[in-house]
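Each chain, written out:
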Amino acid sequence: MKKLLPALLAAATLLLAGPPASRAQATGPWHGKQCAVVLTYDDAIDVDLDNVVPALDSAGLRGTFYLIGSSPVVARRLGEWRRAAQRGHELGNHALFHPCDGSLPGRGFVTPDNDLSKYTVSRAVAEVRANNTLLTAIDGKTARTFAYPCGDRQIGGVYFYEQLRPDFVAARGVTAGLQTATQVDLTNIDSYMINGQPGQYLIDLVKQARQSHTLLVFLFHGVGGGHGLNVSLAAHRQLLRYLQANEKDVWVAPMVEVAAQVKAAQSAASVTK
Ligand SMILES: [Zn+2]
């Protein structure tokens with residue numbers, strides 16, 4: 001009986017899985033669904049905890065919050081971030097001081113203290129690692145993802161994340177694009193920066209991802225205010241409703257989980273090559 005049971009289970013699994021085509025889809029990169037959607041929220045602002053976490057929780061969805069360790073909203077609301085992580089949201093790393101390259105055009109907002117172009121690579125690496133320590137102290141987790149502040153990846157022509165690869169599952173960039181699991185660059189995952197677009201635009205992006213079986217990453221800042229870059233509460237709610245209604249076909253998960261799945265799919269593909 002001990003030997004028979006696994007054999008029976010295997011046979012039952014095969015029967016349940018149906019013909020080979022649907023079996024292949026079921027083991028595809030997006031948990032057998034048409035596409036993956038990741039909801040990311042940057043900069044550790046009050047609206048994350050006031051508007052976004054309650055909206056995601058009530059829709060049964062989980063997202064990724066890229067925290068700036070030095071944000072007063074982290075200091076003031078530690079317990080709330082911890083509870084958000086306990087409910088399955090990812091606390092991602094957006095560096096301690098959000099350094100951006102002040103030498104680029106349009107970067108008047110960058111202060112001398114937080115100018116990435118004045119950093120050494122080792123300082124950037126140390127800062128991001130210190131933020132990981134802080135995040136681990138909050139959520140107890142060791143696996144998470146990084147998001148480049150301002151999307152800046154280089155210091156004097158050097159890609160600083162190269163040294164941080166062992167510290168993260170992946171890093172999110174700011175280039176707009178939909179990619180299949182094999183196309184995704186885990187050191188610079190594409191995302192759509194949202195600022196003022198209506199709900200229908202957000203839903204249309206999900207529809208495109210469903211058709212192309214790709215990964216779609218939303219990059220939000222303010223939701224219903226709280227930041228210079230913003231999406232309205234109504235548009236955000238419309239998107240969440242659509243995702244909830246199409247749960248069967250759309251895999252929505254924090255970046256750390258989707259990136260781990262991409263990694264597995266990519267290494268499986270390289271084995272079979
Ligand atoms: Zn940011």
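Above this text is the structure in question.
What you see is a predicted model, and the numbers here were worked out from it, not measured in a lab.

S.K.: How would you sum up the packing of helix α3 (residues 46–59) against helix α8 (residues 233–245)? Please name residues and give values.
M.R.: The interhelical angle for the contact between α3 and α8, taken along N-to-C directions, is 25°, at an axis separation of 10 Å. Between α3 and α8, the angle is such that the two are roughly parallel. Relative to α8, the crossing made by α3 is right-handed. On α8, the residues touching Asn 51, Val 52, Ala 55, Leu 56, Ser 58 and Ala 59 of α3 are Leu 233, His 236, Leu 240 and Gln 244. Residue composition of the contact of α3 with α8, grouped by class: six nonpolar, four polar and no charged.

S.K.: Report on the state of the cysteines, specifying residues and quantitative values.
M.R.: Within this structure, the stated rule accounts for one disulfide. Across a sulfur-sulfur distance of 2.0 Å, Cys 100 and Cys 150 are joined as a disulfide pair. Disulfide Cys 100-Cys 150: torsion about the S-S bond near 80°, hence right-handed. Of this pair, Cys 100 sits in the loop between β3 (90–93) and α6 (121–139) while Cys 150 sits in the loop between β4 (145–147) and β5 (154–155), and the two are 50 residues apart along the sequence. Judged by relative accessible area, which is 2%, Cys 100 ranks as buried. Accessibility expressed as a relative area gives 26% for Cys 150, which makes it partly exposed.

S.K.: Residue-level account of the coordination of the zinc ion, with values.
M.R.: Coordination of the zinc ion by the protein is provided by Asp 43 (OD), His 94 (NE2) and His 98 (NE2), with metal-donor distances spanning 2.1 to 2.2 Å. Positions of the donor residues of the zinc ion along the chain correspond to the pattern D-x50-H-x3-H. You'll find His 94 and His 98 in the same group, each marked buried.

S.K.: Can you break down the pairing of strand β1 (residues 35–42) residue by residue, with the values?
M.R.: Within a regular strand, side chains alternate between the sheet's two faces. The buried count for β1 comes to eight of eight residues, which makes it a mostly enclosed element. Of the two faces of β1, the one lined by Cys 35, Val 37, Leu 39 and Tyr 41 and the one lined by Ala 36, Val 38, Thr 40 and Asp 42 are each fully buried. Where β1 and strand β12 (residues 250–252) come together, three bridges link them in parallel fashion. Considered in β12, the bridge of Cys 35 is made with Val 250. In this structure, β1 lies alongside strand β9 (residues 215–220), joined through six bridges in parallel fashion. When the sheet's bridge partners are listed, Val 37 is paired in β9 with Leu 216. Bridge analysis of β1 against strand β2 (residues 64–67) gives three bridges, and the strand direction is parallel. The residue of β2 that forms the bridge with Asp 42 is Tyr 66. Taken together, β1, α3 and β2 form a β-α-β motif whose crossover is right-handed.

Analysis parameters
- Every chain is numbered on its own, with residues counted from 1 as its sequence reads.
- Under the rules for a predicted model, residues below a pLDDT of 70 receive no local features and side-chain atom pairs below 80 are neither given nor counted, while totals for whole chains, interfaces and linings still include all residues.
- The basis for the side-chain values is all heavy atoms of the structure; hydrogens and waters are excluded.
- What counts as an axis is a line fitted to C-alpha atoms, over the stretch in contact for a helix, and the angles between N-to-C directions run from 0 to 180 degrees.
- By the criteria applied, helices consist of DSSP H or I runs no shorter than four residues and strands consist of E runs no shorter than two, each listed in order from the N terminus.
- Each angle receives one of four descriptions, namely roughly parallel if under 35 degrees, roughly antiparallel if over 145, roughly perpendicular if within 65 to 115, and oblique otherwise.
- Note on convention: the crossing is left-handed when the near helix lies turned anticlockwise from the far helix by less than a right angle, right-handed when the turn is clockwise.
- Note on definitions: a residue-residue contact is assigned when non-hydrogen atoms from the two residues lie within 4.5 Å.
- Throughout, the ten residues Ala, Val, Leu, Ile, Met, Phe, Trp, Tyr, Cys and Pro are labelled nonpolar, Asp, Glu, Lys and Arg are labelled charged, and all others, Gly among them, are labelled polar.
- Counting rule for disulfides: a pair of cysteine sulfur atoms within 2.5 Å.
- Each residue gets one of three labels from its accessible area relative to the maximum for its type: buried under 20%, exposed over 50%, partly exposed in between, using a 1.4 Å probe on protein chains only.
- Coordinating donors are taken as N, O and S atoms within 2.8 Å of the metal, stretched to 3.2 Å for Na, K and Ca; because water is absent from the atoms, sites can appear incomplete.
- In this analysis, strands are considered paired if DSSP registers two or more bridges between them.
- Look down the strands so they point away from you; if the path from the first strand over the helix to the second goes clockwise, the crossover is right-handed.

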